[in-house]
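So the chains spell out like this:
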Amino acid sequence: QVQLVESGGGLVQAGGSLRLSCVASGRTFSTQAMGWFRRAPGKEREILAAIDSSGGTTYVVNSVKGRFTISRDNAKNTVYLQMNSLKPEDTAVYYCAASARGWSTIASKDYIYWGPGTQVTASS
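This report concerns the structure included in the present document. A quick note: this is a predicted structure, and the numbers were derived from the prediction, not measured.

### With respect to the sheet that holds strand 7 (residues 68-73)
Okay, step 1: Strand order in the open sheet formed by 4 strands is 1-3-8-7, and the pairing between neighbours is antiparallel. Each having just a single partner strand, strand 1 (4-7) and strand 7 make up the two edges of the open sheet. Ignoring which end each strand starts from, the neighbouring axes of this sheet average 15° apart.
Okay, step 2: Sheet topology note: the strand 7/strand 8 (residues 78-83) ladder contains 6 bridges and is antiparallel. When the sheet's bridge partners are listed, F68 is paired in strand 8 with M83.

Spelled out as structure tokens, the structure:
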């Protein structure tokens, strides 16, 4: 069993930055691909970024590419989401998730462990 806990969310003015962190329990983190998702009010959950187990391959969805960056530190069992130039439409609950596989994937069904989420609010 893997437990994930996100942190780093909060209220920020439009144009500002936040770095989300997600710490994983257990000894399997370095073998698992990780992803960041978000769910905005009234919208479906969407994937934002994914990273393979080694950190060598990343994927960022086009809608946030150039503003969001995913990275990981396997020594700290932590995955990060750096968010720059935040916009009001980025307001959502942000979730990290762990896959059972080592290669990065954008399919929600491949993620088997989820954190409780952290709220990000970008005000105009």
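From this point on, the discussion continues.
### A word on the packing of aromatic side chains
Okay, step 1: The full count for this structure, using the stated rule, is 3 aromatic pairs.
Okay, step 2: Residues F37 and W114 carry aromatic rings whose centres are separated by 4.7 Å and whose planes lie at 55° to one another, so their mutual orientation is tilted. Of this pair, F37 sits in strand 4 (residues 34-39) while W114 sits in strand 10 (residues 111-114), and the two are 77 residues apart along the sequence.
Okay, step 3: Judged by relative accessible area, F37 falls into the buried class, the value being 0%.

What counts, and at which threshold
- Residues numbered from 1 in each chain as written.
- Predicted model: local features only at pLDDT ≥ 70, side-chain atom pairs only at ≥ 80, totals over all residues.
- Heavy atoms only, no water.
- Pairing = 2+ DSSP bridges.
- Helix = DSSP H or I, 4+ residues; strand = E, 2+ residues; numbered from the N terminus.
- Axes fitted to C-alpha atoms, helices over the stretch in contact; angles between N-to-C directions.
- Phe/Tyr/Trp six-rings, centres within 6.5 Å; stacked < 30°, edge-to-face > 60°.
- Buried < 20%, exposed > 50% of the residue type's maximum accessible area, 1.4 Å probe, protein only.

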